[in-house]
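Spelled out, the chains give:
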Amino acid sequence: MKIKKLGLVLVSLGAIVALAACGADKKSGADKYLSKIKDKGTLTVALNPDFAPFEFQIIKDGKNEIVGSDVDLANEIGKSLGVKVKFQAMDFNNVLASVQSGKADIAVSGISATAERKKAYDFSTPYYTANNVMIVKKSDLATYKKLSDFSGVKVAVQKGSVQENIVSDQIKGVNAVSLIKNGQMINELKNDTVSGVVLEEPIAKAYVSANPDLAIVSSIQFDSSKSDSYAIALPKDSGNLKTEVDKVIKKLKADGQIDKLVEKNFELSQKSAK
């Protein structure tokens, strides 16, 4: 009888230990990425510094420096987490992959949280919404007034961006040319290799301001409501890391700081282009 009771006690203790371990595993999973960042004392951020005013490069004190409103946002997140921030520059089509491979903790580079991307990544609450616009040579404004005018001609978009789908879905018969860098796209337009370039409005304005021979076609509007909100990409099931990132974004948005950062860096991008 005593043996049976002892057995029941051992079974009960085993169940309690198992439940406790299960709870610990869940907690460990939620803290996994956040703990890793805090343990190493560094938040590694992947970006493509070719998106003024969100991320771009300037020469400061004779050295190349990555700046922009996304950079400022990442620094605020690092400050909130109590860690240093390390930026890794790369082509845009490698930015998300670096998070999936673990080379970067997060990615911030004007990234749209599409349904397809959400299958592989977690995304923060959106921090900025931008419209997509068409850039043409100023001398061609009379030729290109509506989307159908681009049927049968070449339009440049960035490889791996949501603009690839927006252009192919909304311009019937277009010849979409996917290029790696925004600068390449602008050069192709100026050299008459393509007839138009599709970019997010803040980025387009920066390029047009720096190139007087280019212009935004004001009469053209894209339907980009499902894909024009920027968010930070995080590893899938990032748990408490996402919670902390969202806290910073919500605070900055509530204070109106995000728009101020974009405006400040737009002005900086214009000064650095002169």
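Residues numbered from 1 in each chain as written. Predicted model: local features only at pLDDT ≥ 70, side-chain atom pairs only at ≥ 80, totals over all residues. Heavy atoms only, no water.

Considering the overall build of the protein chain
Along its length, the protein chain carries eight helices and 14 strands. Here the protein chain, with 274 residues, has 44% of them falling under the buried criterion. In the protein chain, once contacts between residues fewer than 6 apart in sequence are set aside, the share between residues at least 24 apart is 72%. As presented, the protein chain carries roughly 14200 Å² of accessible surface, and 53% of it is formed by carbon and sulfur atoms. (Helix = DSSP H or I, 4+ residues; strand = E, 2+ residues; numbered from the N terminus. Buried < 20%, exposed > 50% of the residue type's maximum accessible area, 1.4 Å probe, protein only. Contact = heavy atoms within 4.5 Å. Areas by Shrake-Rupley, 256 points an atom, 1.4 Å probe, with all protein chains shown as cover.)

With respect to the sheet that holds strand β12 (residues 214-216)
Taken in spatial order, the five strands make up an open sheet running β10-β9-β11-β8-β12, and their pairing is mixed. The open sheet has two free edges, formed respectively by β10 (175-179) and β12, since each of these has just one partner strand. This sheet shows a mean twist of 30 degrees between the axes of neighbouring strands, independent of strand direction. Across the face of the sheet, helix α4 (residues 163-170) comes into contact with β8 (132-137), β9 (154-158), β10 and β11 (196-200) while running at roughly 150 degrees to β9. (Pairing = 2+ DSSP bridges. Axes fitted to C-alpha atoms, helices over the stretch in contact; angles between N-to-C directions.)

What about the side chain of Ser 195?
Note that Ser 195 resides in the loop between α5 (182-190) and β11. Assessed through its relative accessible area of 17%, Ser 195 is described here as buried. A polar contact is formed between the side chain of Ser 195 and the side chain of Tyr 144, at a distance of 3.2 Å. Residues contacting Ser 195, with those up to four places away along its chain left out, are Ile 135, Val 136, Tyr 144, Phe 150, Val 153, Lys 154 and Leu 189. (Polar contact = N/O pair within 3.5 Å; in protein donor to acceptor, adjacent residues only side chain to side chain.)

Examining the packing of aromatic side chains
Within the structure shown, the criterion is met by seven aromatic pairs. With a centroid separation of 4.5 Å and 15 degrees between ring planes, the pair formed by Tyr 144 and Phe 150 is classed as stacked. By relative accessible area, which is 10% here, Tyr 144 ends up buried. With a relative accessible area of 0%, Phe 150 lands in the buried category. Here the aromatic residues Phe 54, Tyr 127, Tyr 128 and Tyr 230 are joined through ring pairs into a cluster of three or more. (Phe/Tyr/Trp six-rings, centres within 6.5 Å; stacked < 30°, edge-to-face > 60°.)

Quick notes on the pattern of salt bridges
Opposite charge on two side chains permits pairing when their charged atoms draw close. Inspection of the entire model under this criterion finds 13 salt bridges. A salt bridge links Lys 236 to Asp 122, with the shortest nitrogen-to-oxygen separation between them at 3.9 Å. Here Lys 236, found in the loop between β14 (233-235) and α7 (240-254), pairs with Asp 122, found in strand β6 (residues 121-123); they are 114 residues apart in sequence, far enough to count as distant. Classification of Asp 122 as buried rests on a relative accessible area of 14%. Lys 137 is the partner of Asp 192 in a salt bridge, and the nearest nitrogen-oxygen pair spans 3.2 Å. Here Lys 137 lies in strand β8 and Asp 192 lies in the loop between α5 and β11, a separation of 55 residues in the sequence. (Salt bridge = Lys/Arg side-chain N within 4 Å of Asp/Glu carboxyl O.)

Quick word on the environment of Ser 178
Structurally, the position occupied by Ser 178 is in strand β10. Along the backbone, Ser 178 and Gln 158 are 20 residues apart, and their C-alpha atoms lie at a distance of 5.3 Å. If we skip the residues at most four places from it in the chain, Ser 178 touches Val 157, Lys 159 and Glu 164. In terms of polar contacts, Ser 178 uses its side chain to reach the side chain of Glu 164, at 2.6 Å.

Re the nonpolar core
In terms of nonpolar packing, the biggest core is built from 54 residues, with Tyr 127, Ile 135, Val 197 and Ile 232 touching the most fellow members. Broken down by element, the residue count for this core peaks at five residues, all from α7. In terms of domain composition, this core takes at least three residues from each of domain 1 (31-129 + 229-273) and domain 2 (132-216). If near-sequence neighbours (up to four positions away) are discounted, Tyr 127 is found in contact with Asp 70, Leu 73, Val 108, Gly 110, Tyr 230, Ala 231, Ile 232, Ile 249, Lys 253 and Ile 258. (Core = buried A, V, L, I, M, F, W, Y, C linked by side-chain atoms within 4.5 Å. Domains from an automatic or database assignment.)

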